[in-house]
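Summary of structural features
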Amino acid sequence: MSLAGFGRAELEAMLVGLRPKLHRYAARMAGSSIDGEDIVQEAVVKALAAYDGGALVERPEQWLFRIAHNAAQDHLRRRQRDRSRITEADMTTIEDHSASAEARLAAAASLRAFMQLTPAQRSAVVLTDVLGLSLSETCDVTGATLAATKAALHRGRAELKALAGRTDDVAMPKLDPEGERRLRHYVDLFNARDFDGVRRLIAEDVQVDVVNRARLNGKKEASTYFGNYDRLGDWALSLGFVDGRPAILIRNPRADDAVRGFVLIDWRGEEVVRIRDFRHVPYCVVEADICFLTD
């Protein structure tokens with residue numbers, strides 16, 4: 001399939017269908033479900049811009065993964081977390097044994113575990129063992145040689161196995177008292193459906209990003225966001241952490257209080273200046289490291 005004769009609406013539909021898989025890849029590359037969504041959004045913008053620029057593509061799905069891969073690499077470089085790449089060895093003769101046990105291990109590994117791998121290892125393991133791409137398709141996405149891909153896959157699998165046998169003694173994240181006070185006040189007002197009280201916390205120039213749905217600018221437009229919540233009854237909010245970041249967890253009291261989304265809040269003093277709501281991207285919840293704030 002090529003993008004020649006492939007309408008923009010068809011490309012957008014493909015992006016919607018592939019978005020959870022693209023996010024799964026990006027989140028494991030970045031070590032964060034939140035950053036993974038940023039990478040996917042960047043990749044979507046670049047893909048649509050390339051289409052509008054007349055890009056000719058033979059394999060659209062691999063092309064989209066390649067764009068996401070490059071966006072993830074750019075993200076890692078920007079954060080200066082790129083590790084030294086392994087020296088490419090002559091491993092062309094290594095046989096590929098993508099055993100189901102290795103695939104299960106990779107799929108179950110935490111984002112924290114993937115961050116212990118080099119970016120090349122992360123790419124190879126996620127694309128082959130988590131997303132099920134062939135070695136040739138993985139090479140097509142990453143641009144690496146077959147030898148380098150086999151080397152990265154072999155070493156990445158070995159490292160994940162070693163990590164799986166270790167005790168995870170990562171300390172629970174903590175929230176500073178002032179940050180907790182602000183967030184708790186916001187959550188208490190929201191849970192009480194005191195949206196007039198919530199609006200008093202909002203800056204005039206507030207930005208609201210309902211991820212993958214809408215972007216609202218300013219206090220007047222933000223009223224739509226609060227009005228939508230006011231009309232729904234399938235939510236309750238709690239304080240917690242997502243990928244180690246302070247967050248508001250959206251629980252569903254009609255479904256065993258399961259976490260169905262989360263919200264990130266940015267403050268300027270006592271005013272809310274940015275709201276990022278991940279309610280409508282359930283794949284972000286699946287990939288995220290989520291925990292409740294303990295009293």
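See the structure printed just above.
Since the model is a prediction, treat every value here as computed from it, not as a measurement.

Cut-offs used in this document
- Residues numbered from 1 in each chain as written.
- Predicted model: local features only at pLDDT ≥ 70, side-chain atom pairs only at ≥ 80, totals over all residues.
- Heavy atoms only, no water.
- Pairing = 2+ DSSP bridges.
- Helix = DSSP H or I, 4+ residues; strand = E, 2+ residues; numbered from the N terminus.
- Axes fitted to C-alpha atoms, helices over the stretch in contact; angles between N-to-C directions.
- Core = buried A, V, L, I, M, F, W, Y, C linked by side-chain atoms within 4.5 Å.
- Buried < 20%, exposed > 50% of the residue type's maximum accessible area, 1.4 Å probe, protein only.
- Contact = heavy atoms within 4.5 Å.
- Phe/Tyr/Trp six-rings, centres within 6.5 Å; stacked < 30°, edge-to-face > 60°.

This part is about the sheet that holds strand β3 (residues 236-242). Spatially, seven strands are ordered β2-β1-β6-β5-β4-β3-β7 in an open sheet, and the strand pairing comes out mixed. What marks the edges here is a single partner per strand, and that holds for β2 (214-217) and β7 (290-292). When strand polarity is set aside, the average angle formed by the axes of neighbouring strands in this sheet is 30°. Where strand β4 (residues 245-252) meets strand β5 (residues 258-268), five bridges bridge the pair, whose relative direction is antiparallel.

Attention now goes to the nonpolar core. Among the nonpolar cores identified, the biggest contains 42 residues, and Leu64, Phe65 and Leu131 are the most heavily contacted of them. In terms of residue count, the dominant contributor to this core is helix α1 (residues 8-30) (nine residues). Apart from residues lying up to four places away in sequence, Leu64 is in contact with Leu11, Met14, Leu15, Leu18, Leu22 and Ala47. Within the second largest apolar cluster, 31 residues are counted, among which are Phe195, Val198, Val208 and Tyr225.

The subject of this paragraph is the packing of aromatic side chains. Overall, the coordinates contain 10 aromatic pairs when judged by the stated rule. Between Tyr225 and Phe226 the ring centres are 5.2 Å apart and the planes differ by 65°, which places this aromatic pair in the edge-to-face class. With relative accessibility at 5%, the residue Tyr225 sits in the buried group. Every member of this aromatic cluster is reached through a ring pair, and the members are Tyr186, Phe190, Phe195, Tyr225, Phe226, Tyr229 and Trp235.

Note that every value here comes from positions in space, so none of it alone points to a role or purpose.
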